[in-house]
Amino acid sequence: MTDIKKLIRNIDVILHMGEDDPVISNVEFDSRKVTPGTLFVAVKGTKSDGHDYIKSAVSSGASAVICEYLPENPDQKICWIKTSDSAKALGIVSSGFFGDPSSHLKLVGVTGTNGKTTIATLLYRMFTALGYKCGLFSTVCNYINDKELPATHTTPDPVQLNRLLSDMVEAGCDYAFMEVSSHSADQQRIAGLRFAGGIFTNLTHDHLDYHKTFKNYLKAKKSFFDSLPPDSFALANTDDRNARVMLQNCNARKYTFSVKGMADFRCRIIDQDFDGMGLRIGDEEVWTRFIGEFNASNLLAVYAASNLLGAGKNEILTVLSDLRSVPGRLEAVETPSGIAGIVDYAHTPDALVNVIETINKIRVEGKQLITVVGAGGDRDRTKRPKMAAICAGGSTKVILTSDNPRTEDPEKILDDMEAGITPDVKGKVLRISDRREAIRTAVMLAGEGDIILVAGKGHETYQEINGVKHHFDDREELRAALLTK
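Residues numbered from 1 in each chain as written. Predicted model: local features only at pLDDT ≥ 70, side-chain atom pairs only at ≥ 80, totals over all residues. Heavy atoms only, no water.

On to the packing of helix H3 (residues 86–97) against helix H5 (residues 158–170). It is the contact of H3 with H5, at a shortest axis distance of 9 Å, that shows an interaxial angle of 25 degrees. With respect to each other, H3 and H5 are oriented roughly parallel. Helix-helix and strand crossings are classified by hand; for H3 and H5 the assignment is right-handed. From H3, Leu90, Gly91, Ser94 and Ser95 reach across to H5, where they touch Pro158, Val159 and Asn162. (Axes fitted to C-alpha atoms, helices over the stretch in contact; angles between N-to-C directions. Helix = DSSP H or I, 4+ residues; strand = E, 2+ residues; numbered from the N terminus. Parallel < 35°, antiparallel > 145°, perpendicular 65-115°, else oblique. Left-handed = near helix turned anticlockwise from the far one by under 90°. Contact = heavy atoms within 4.5 Å.)

Shown next, in the form of structure tokens:
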């Protein structure tokens, strides 16, 4: 049970009327989950408006309501709180209801277009290996120590987020590492949280179906850094021109990292093959089980953040050399056929450039790179032709196929992708909408020493078609096809 006056003390209260001091036993923004004693927060969503469900919440027993505008003739037996931003209020009261859990551990957020999952996951593995109890919020999975919890969103809603943070505190966690998506920052899901640090990876073409413009996308990412407290750190990748924007007017202690130029933390690739790469970080050398410049950048971010969190240089490097890649990120599918299979989550133009360039630097001259790629339905259409063009420009053969078409016609998605294929590369491009058949065709076209890249879905174990998720795992499909080669 919680005193509502404590919950609302940090939100913008325009009006407080009705019952003055109700006892709160729950916080919800979904009217279907309201029980007697619930504080219901009416939030305007992208598809529905919580204000339309205030009556339903009250009839289910809500004892208090936070909203941006009051209904007609509000019941005076209910506590009514009018605020300017109910989404922000939801984050703040959720944190307060669960005892401000983020202030009882060191919470580090990672934001950017690419690299969030890898960096957050490797930091979780790093500090677990260093002997600490840790929590993780990621696209792939959430963890409380070694307990695995399914992840439905990159960043959970404020109620679920604070409940999980509270569980982490109760489980004795010293650290928590979180992917901070642009959606979550824009929708104020992280409002009320106290971060010990924030990491910026990069900013490229993505999520414009939601943000509409790149400026809005950048603004959402920057809002995370603007909210960092003075005793936290802000770590930004200066190989991306937007890093300076993220750090501008940020109150946190500012640090930079780079694999290309001058920065507080620097590294360069000494050598690499399909088994891994050697890095020089500062004055030290370390062999890692990762490949690619983008992974060198990810590992440098992990090194820098670990150092800023107080870990020693030698112990960081020791653990770094033993870390393995995150599921679905340049994940190798090994078979005795002599063909190399790689599954990667790359689903943006920039991510595809990084993965294809990495593979081509290691690929043996005269051997093929066959890329299988699709684009998600009901998402940003403008990146589709760019993705196809990048794959065609860097691959020997390309098979355009279905990803998660959702409610769109897969053939129309392929039409959008094919619009990026110029006449000079058209001869190396096939289109096969059935993803299983596309993967099998890639294997059929491959010979010994060739490389097959299946891009777009990575760790996902489903394919979403017309609102239904069907089991589909690129790794399983590629392995099965290679074993029958």
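Time to look at the nonpolar core. Counting 42 residues, the largest nonpolar core has Phe127, Phe177, Ile199, Leu235 and Ile281 as the members making the most contacts within it. Per-element accounting of this core gives the leading share, 9 residues, to helix H10 (residues 293–308). Residues in contact with Ile281, not counting those within four places in the same chain, are Arg266, Cys267, Val286, Leu300, Tyr303, Leu317 and Leu320. In terms of nonpolar packing, the next biggest core, distinct from the first, is built from 30 residues, Leu105, Phe137, Cys173 and Phe225 among them. (Core = buried A, V, L, I, M, F, W, Y, C linked by side-chain atoms within 4.5 Å. Buried < 20%, exposed > 50% of the residue type's maximum accessible area, 1.4 Å probe, protein only.)

On to the sheet that holds strand E20 (residues 340–344). Strand order in the open sheet made by the 6 strands is E19-E20-E24-E21-E22-E23, with mixed pairing throughout. This sheet does not close on itself; its edge strands, each paired only once, are strand E19 (331–333) and strand E23 (429–431). Strand-to-strand, the axes of this sheet are offset by a mean angle of 20 degrees, without reference to chain direction. Those strands touched by helix H14 (residues 410–418) are strand E21 (369–373), strand E22 (397–400) and E23, and its axis lies near 165 degrees from that of E23. Sitting on the sheet, helix H16 (residues 474–483) touches E19, E20 and strand E24 (451–455), and the angle it makes with E20 is about 170 degrees. (Pairing = 2+ DSSP bridges.)

So, on to H10. Taking 1.5 Å as the rise per residue, H10 with 16 residues should run 22 Å; its terminal C-alpha atoms sit 22 Å apart, in good agreement. Counting buried positions over the 16 residues of H10 gives 13, a clear majority of the element. Trailing H10 by a residue or two, Gly310 shows a phi angle of about 105 degrees, which is positive. (Expected span 1.5 Å × (residues − 1).)

Regarding helix H13 (residues 384–394), the residues found buried are Arg384, Met387, Ala388, Cys391, Ala392 and Gly394. Contacts from the buried residues of H13 go to helix H12 (349–362), E21, E22, H14 and E23.

Attention now goes to the environment of Ile316. Turning to its location among the elements, Ile316 is positioned in helix H11 (residues 313–320). Along the backbone, Ile316 and Ala304 are 12 residues apart, and their C-alpha atoms lie at a distance of 9.4 Å. Dropping the residues within four chain positions of it, Ile316 is found in contact with Met126, Tyr303, Ser306, Asn307 and Ala311.

Further remarks concern the sheet that holds strand E2 (residues 13–18). Taken in spatial order, the 5 strands make up an open sheet running E2-E7-E6-E5-E4, and their pairing is mixed. Each having just a single partner strand, E2 and strand E4 (26–28) make up the two edges of the open sheet. Adjacent strand axes in the sheet meet at a mean angle of 15 degrees, parallel and antiparallel pairs treated alike. In this structure, strand E5 (residues 38–41) lies alongside strand E6 (residues 64–67), joined through 3 bridges in parallel fashion. Residue pairing across strands places Leu39 opposite Ala64, the latter belonging to E6. Running at roughly 155 degrees to E4, H3 makes contact with E4, E5, E6 and strand E7 (79–83) of the sheet.

Relative to the elements of secondary structure, Leu323 occurs in the loop between H11 and E19. A residue is classified by how much of its surface remains accessible, and Leu323, at 6% relative accessible area, is buried. Sequence separation between Leu323 and Leu299 is 24 residues, and the spatial gap between their C-alpha atoms is 9.6 Å. Ignoring anything within four residues of it in the chain, the contact list for Leu323 reads Leu122, Arg125, Met126, Arg289 and Phe290.

Let us look at the packing of aromatic side chains. Tallied over the full model, the rule gives 11 aromatic pairs. Taking the centre distance of 4.5 Å and the plane angle of 40 degrees together, the rings of Phe127 and Tyr175 count as tilted. Within this pair, whereas Phe127 is found in helix H4 (residues 116–129), its partner Tyr175 is found in strand E12 (residues 175–179), the two being separated by 48 residues in sequence. Given a relative accessible area of 1%, Phe127 falls into the buried group. The class for Tyr175 is buried, based on a relative accessible area of 5%. Seen from their ring centres, Phe265 and Tyr303 are 6.4 Å apart, and the 75 degrees between their planes marks the pair as edge-to-face. (Phe/Tyr/Trp six-rings, centres within 6.5 Å; stacked < 30°, edge-to-face > 60°.)

Relative to strand E11 (residues 147–150), strand E10 (residues 141–144) runs antiparallel, the two being bridged by 4 bridges. Residue pairing across strands places Cys141 opposite Pro150, the latter belonging to E11. Counted along the chain from E10 to the antiparallel partner E11, the turn is 2 residues long, and its residue Asn145 has a positive phi close to 55 degrees.

Another aspect to go through is the pairing of strand E17 (residues 276–281). Most of E17 is tucked away, with 5 of its 6 residues classed as buried. In this sheet, E17 lies alongside strand E16 (residues 265–273) in antiparallel orientation, the contact comprising 6 bridges. Bridging from a neighbouring strand, Arg268 pairs with Arg280 of E17. In textbook terms, the turn of a hairpin is the stretch between consecutive antiparallel strands, and for E16 and E17 this stretch comprises 2 residues.

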